[in-house]
Amino acid sequence: MKFIHTADVHLFATPDEGKPWADMRQGEIEETFDRILNDCNEKDIDLLLIAGNLFDRSPSVDDLIFLDEKLLTLVKTRTVILSGPDDYIVPGSESSSYKFRSRTVMLPPDRTTNAYLRGINTCVTGYSYGKPEYRSRIIEEIEPGREDAINIMIASGGDKHHMPFRKDAVASKGYDYVAMGYIRRPVHILRNRMAYAGTPEPLGPKETGRHGYVIGEINDEGTTISWCPVAKRNYVDISITMSPELSPEEIVKNLENKMMKLGTDNIYSITLRGFSKDNTNLDLTRINSRFNVYEYLNMTISDEDQNILQVENENNMMGSFIKEVNGSYTLDEGIRSRALRYGMEALILAGEER
């Protein structure tokens, strides 16, 4: 039995509101979900698992009709959907009784439910959200639903407000696979047996790294899974080192070359580090016109900053270091300047890490 596991799609979300590219992101999230459905057809997938937060909100009946139309394009694939903390469905609501025309099961809210799929002899067990938070250890209590079948758990959560659980407690249940949602980065928790899929399309600047879905197969020899990238864009953190030896134009050119290698579709957070005679002298117009820049973080130190740091840190390690280097007669001016820059930056960064 071949399956795809995705989660935290957040259809209808608009990441990065107010940014020039924000209007495109809602459509790109939908396009990435459509690509997952296309992969289900192209890769002959038996089961699509959606482990919570498919929508960015509690879905209306119109939202479910919209989804149903998409799932009707699946040729062979069955779909099982869990409601998560962001797209929870209130018990007894009109949405909770929606009947899918596609071969889809949406697990009902506020109770453990088994969905047995006879054609692939697979039982998917989960507990859909009927409200935003559950602080009890529900996931640890869910038992496999059927003997002599493939047993899969589908769940969303992991922090103290959203169904906390211990990995070992879930692993001891003996599921063939546990499909997790809620954590927005891919995490392989238990080798070939339990994983967070992460968001297929990242939703904010903290969600760096690649994004995609889990693809797996369960047969007589056990379960194997791998990860498949699918995102149109990624958030990328990069830094560029300022230096008095480099002109502002050279610094901008170095930054531009670095970003060209990483790709023009990415969304960048750029940190300026090092020492500069003038922290405000960079013309970033060309960078802003060619790339999606979420923010600039200026961590540089100017000559004026250096003097201030020396006065403010007179009685600690930073001040002692500046005094020692400036007072050295064995270092020529160029080496002294570089030693001062590198040492001060290291001490500042060490302070940030604490």
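Here the structure is shown first, and the text comes after it.
So, here is what we can say about the structure in this document. These figures come from a predicted structure and were not determined experimentally. (Residues numbered from 1 in each chain as written. Predicted model: local features only at pLDDT ≥ 70, side-chain atom pairs only at ≥ 80, totals over all residues. Heavy atoms only, no water.)

**Observations regarding the environment of Phe-100**
Rules: Every helix listed is a DSSP run of H or I at least four residues long, and every strand listed is a run of E at least two residues long, numbered separately from the N terminus. For the exposure calls, accessible area comes from a 1.4 Å probe over protein chains only, and a residue counts as buried if that area is under 20% of its type's maximum, exposed if over 50%, partly exposed in between. Residue contacts follow a heavy-atom distance rule, with two residues in contact if any of their heavy atoms lie within 4.5 Å.
Positionally, Phe-100 belongs in the loop between strand E3 (78-82) and strand E4 (104-106). What makes Phe-100 buried here is its relative accessible area of 16%. Between the C-alpha atoms of Phe-100 and Leu-67, which are 33 residues apart in sequence, the distance is 9.2 Å. Other than its neighbours up to four places away in sequence, Phe-100 contacts Leu-64, Leu-67, Asp-68, Leu-71 and Met-106.

**Topic: helix H2 (residues 61-71)**
This is how the line gets drawn: This arc describes the spread of directions from the helix axis toward the C-beta atoms.
Every buried residue of H2 is accounted for by Asp-63, Leu-64, Leu-67, Asp-68, Lys-70 and Leu-71. Viewed along the axis of H2, the buried residues span an arc of 160 degrees, placing them on a single side of the element. Residues of H2 that are buried sit in contact with helix H1 (22-42), strand E2 (47-51), E3 and E4.

**As for the nonpolar core**
Filter applied, for reference: By nonpolar core is meant a set of buried Ala, Val, Leu, Ile, Met, Phe, Trp, Tyr and Cys residues that side-chain atoms within 4.5 Å join together.
Ile-4, Phe-33, Leu-48, Leu-54, Leu-67 and Leu-71 are the most contacted members of the largest nonpolar core, which has 28 residues in total. When residues in this core are grouped by element, the largest group, five residues, is from H1. When near neighbours in sequence (up to four residues on either side) are disregarded, Leu-48 contacts Ile-4, Thr-6, Ile-36, Leu-37, Cys-40, Leu-71, Leu-74, Thr-77, Arg-78, Thr-79 and Val-80. Judged by nonpolar contacts, the second largest core, of 23 residues, contains Ala-115, Ile-120, Ile-150 and Tyr-177.

**Describing the sheet that holds strand E5 (residues 112-117)**
The criterion, for reference: Strands were regarded as paired on the criterion that DSSP finds at least two bridges between them. Lines fitted to C-alpha atoms define the axes here, with helix axes fitted over just the stretch in contact, and angles between the N-to-C directions of these axes take values from 0 to 180 degrees.
The six strands lie next to each other as E5-E6-E7-E8-E10-E9, forming an open sheet whose pairing is mixed. Lying at the two open borders of the sheet, with one neighbouring strand each, are E5 and strand E9 (187-190). Direction aside, neighbouring strands of the sheet carry axes that sit 20 degrees apart on average. Sheet topology note: the E9/strand E10 (residues 194-196) ladder contains three bridges and is antiparallel. Paired with Val-187 across the strands is Tyr-196, a residue of E10.

**Comments concerning the packing of aromatic side chains**
This is how it is decided: Centres within 6.5 Å make a pair out of two Phe, Tyr or Trp rings, where for Trp the six-membered ring is used; the pair is then stacked when the planes are under 30 degrees apart, edge-to-face when over 60, and tilted otherwise. Charge-over-ring placement is defined geometrically: NZ (Lys) or CZ (Arg) within 6 Å of the ring centre, and within 35 degrees of the ring normal.
Considering all chains together, one arrives at seven aromatic pairs under this definition. Seen in terms of ring centroids, Phe-12 and Phe-55 are 5.9 Å apart; in terms of plane orientation they differ by 25 degrees. Their pairing is stacked. One end of the pair, Phe-12, is in the loop between strand E1 (2-6) and H1; the other, Phe-55, is in the loop between E2 and H2, with 43 residues separating them in the sequence. What makes Phe-55 buried here is its relative accessible area of 1%. Pairing Phe-12 with Phe-66 gives two aromatic rings, centres 5.3 Å apart and planes at 45 degrees, and the pair type is tilted. Of the two residues, Phe-12 is situated in the loop between E1 and H1 and Phe-66 in helix H2; the sequence distance between them amounts to 54 residues. The cationic tip of Lys-19 hangs over the ring face of Tyr-294; the distance from NZ or CZ to the ring centre is 4.6 Å. Directly above the ring of Tyr-116 sits Arg-146, whose terminal nitrogen or CZ lies 3.7 Å from the centroid.

**Considerations on the environment of Ile-183**
One can find Ile-183 in the loop between strand E8 (177-181) and E9. For the pair Ile-183 and Gly-158, spaced 25 residues apart in the sequence, the C-alpha separation amounts to 7.8 Å. Here Ile-183 is in contact with Asp-8, Tyr-196 and Gly-198, once residues within four sequence places are set aside.

**With respect to the pairing of E8**
Extensive coverage of E8 is indicated by the burial of five of its five residues. Side chains Tyr-177, Ala-179 and Gly-181 project from E8 onto one buried face, and the interleaved Val-178 and Met-180 project onto a second face that is buried too. Here strand E7 (residues 150-156) pairs with E8 via five bridges, running parallel. Bridging from a neighbouring strand, Ile-152 pairs with Tyr-177 of E8. In the sheet, E8 pairs with E10 via three bridges, with the strands oriented parallel. By the bridge assignment, Ala-179 is partnered in E10 with Ala-195.

**Thoughts on the pattern of salt bridges**
The condition that has to hold: Within this document, salt bridges are pairs made up of a side-chain nitrogen of Lys or Arg and a carboxyl oxygen of Asp or Glu, the two lying within 4 Å of each other.
Counted by the stated rule, this structure contains 18 salt bridges. For Glu-30, the salt bridge is made with Lys-70, and the minimal N-O distance between the two is 2.9 Å. With Glu-30 in helix H1 and Lys-70 in helix H2, the pair connects residues that are 40 residues apart, well separated along the chain. With a relative accessible area of 12%, Lys-70 lands in the buried category. Measuring nitrogen to oxygen at the nearest pair gives 2.8 Å for the salt bridge that ties Lys-173 to Glu-143. Of this pair, Lys-173 sits in the loop between helix H4 (167-171) and E8 while Glu-143 sits in the loop between helix H3 (138-141) and E7, and the two are 30 residues apart along the sequence. The class of Glu-143 is partly exposed, set by a relative accessible area of 45%.

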